[in-house]
Amino acid sequence: LPGKDRIAERDFTEATRDPLRALARGQFAFATAGGRELALAALERAARADAGKAREPWIRIRERLPEADRRYGNARIAYHAARQLDPAANDWFREAGPAALNAETQAWRVRAALRAGAWDDVLAAIDAMPEVQRQEAAWRYWRGRALSAQGRTDDAAAIHAMLARETSFYGILAGEAIGQRFAPPASMPHQPAPGALAAFGSRPEVKRVSKLAELEM
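Here the structure is a predicted model, which means the values were calculated and not measured. (Residues numbered from 1 in each chain as written. Predicted model: local features only at pLDDT ≥ 70, side-chain atom pairs only at ≥ 80, totals over all residues. Heavy atoms only, no water.)

**Quick look at the pattern of salt bridges**
Then, in step 1: In total, this model carries 17 salt bridges according to the counting rule given.
Then, in step 2: Ionic pairing is found between Arg-152 and Asp-155, a salt bridge with its closest N-O pair at 3.3 Å.
Then, in step 3: Assessed through its relative accessible area of 37%, Arg-152 is described here as partly exposed.
Then, in step 4: Connected via shared salt-bridge partners are Glu-44, Arg-48 and Arg-76. (Salt bridge = Lys/Arg side-chain N within 4 Å of Asp/Glu carboxyl O. Buried < 20%, exposed > 50% of the residue type's maximum accessible area, 1.4 Å probe, protein only.)

**Considerations on helix α10 (residues 153-163)**
Because an α-helix completes one turn every 3.6 residues, residues spaced three or four positions apart along the sequence face the same direction.
Then, in step 1: The complete set of buried residues in α10 reads Ala-156, Ile-159, His-160 and Leu-163. Along the axis of α10, the buried positions cluster into a sector of 95 degrees, meaning they face one direction only.
Then, in step 2: Along its buried surface, α10 packs onto α9 (137-149) and α11 (169-177). (Helix = DSSP H or I, 4+ residues; strand = E, 2+ residues; numbered from the N terminus. Arc of directions from axis to C-beta. Contact = heavy atoms within 4.5 Å.)

**Examining the environment of Arg-48**
Then, in step 1: With respect to the helices and strands, Arg-48 occurs in helix α3 (residues 33-62).
Then, in step 2: Taking the C-alpha atoms as reference points, Arg-48 and Leu-212, 164 residues apart in sequence, are found 58 Å from one another.
Then, in step 3: Apart from residues lying up to four places away in sequence, Arg-48 is in contact with His-80 and Gln-84.

**Overview of the nonpolar core**
Then, in step 1: In this structure, Leu-23, Phe-28, Ala-54, Trp-58, Ile-61 and Ile-77 are the most contacted members of the largest nonpolar core, which totals 27 residues.
Then, in step 2: For this core, the elements supplying multiple residues, two or more each, are α2 (19-25), α3, α4 (67-83), α5 (89-96) and α6 (103-116).
Then, in step 3: In terms of residue count, the dominant contributor to this core is α3 (eleven residues).
Then, in step 4: Dropping the residues within four chain positions of it, Ala-54 is found in contact with Leu-20, Leu-23, Leu-43, Ala-46, Ala-47 and Ile-77.
Then, in step 5: Core analysis: the next-biggest nonpolar cluster, separate from the first, contains 19 residues, Met-129, Trp-139, Ala-164 and Ala-174 among them. (Core = buried A, V, L, I, M, F, W, Y, C linked by side-chain atoms within 4.5 Å.)

Set out below in structure tokens:
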């Protein structure tokens, strides 16, 4: 970073060596881009280790950051909390508001809402996904479940009926959701080409194995 935005080596070392302590001290140069980035970097490292412990010092310093940085930091601590199965993760995701989330964070946002049984948040999180991600079988299934929980049973049944046509784990669950029993596809035995078995049996190594089997060796 140029000029006044440059991070001092000592500050960088302290923040990377013990990010939780640096976060608790809160002595970042918030007036500079470098200082703000260092604060967020310390939050990332501290939350990755223990989001619950990083939460309190983050609350104390986040108001000193611009709104976009606050939302980003809220999303990152919520993401790590969700991965650590912290029951508060869904509430923390709410604090992120409309922060831009990558696909992985979007997925953990849904999982956090599912763990909390917060169906409105499940639906909102799935609807906020990019179209390609939203069309994945898992998220179509859970979107249907969320709609059902809201009483929108016809919309839920339509989603599950389409998904139930697919032979997949979530296709099976979707079928069960609308009362269909899973029938596995019929198994078609393989028919070897004419002469294939004879050609296989004539191979020297196969003959040796067959002879050993006859001798019970």
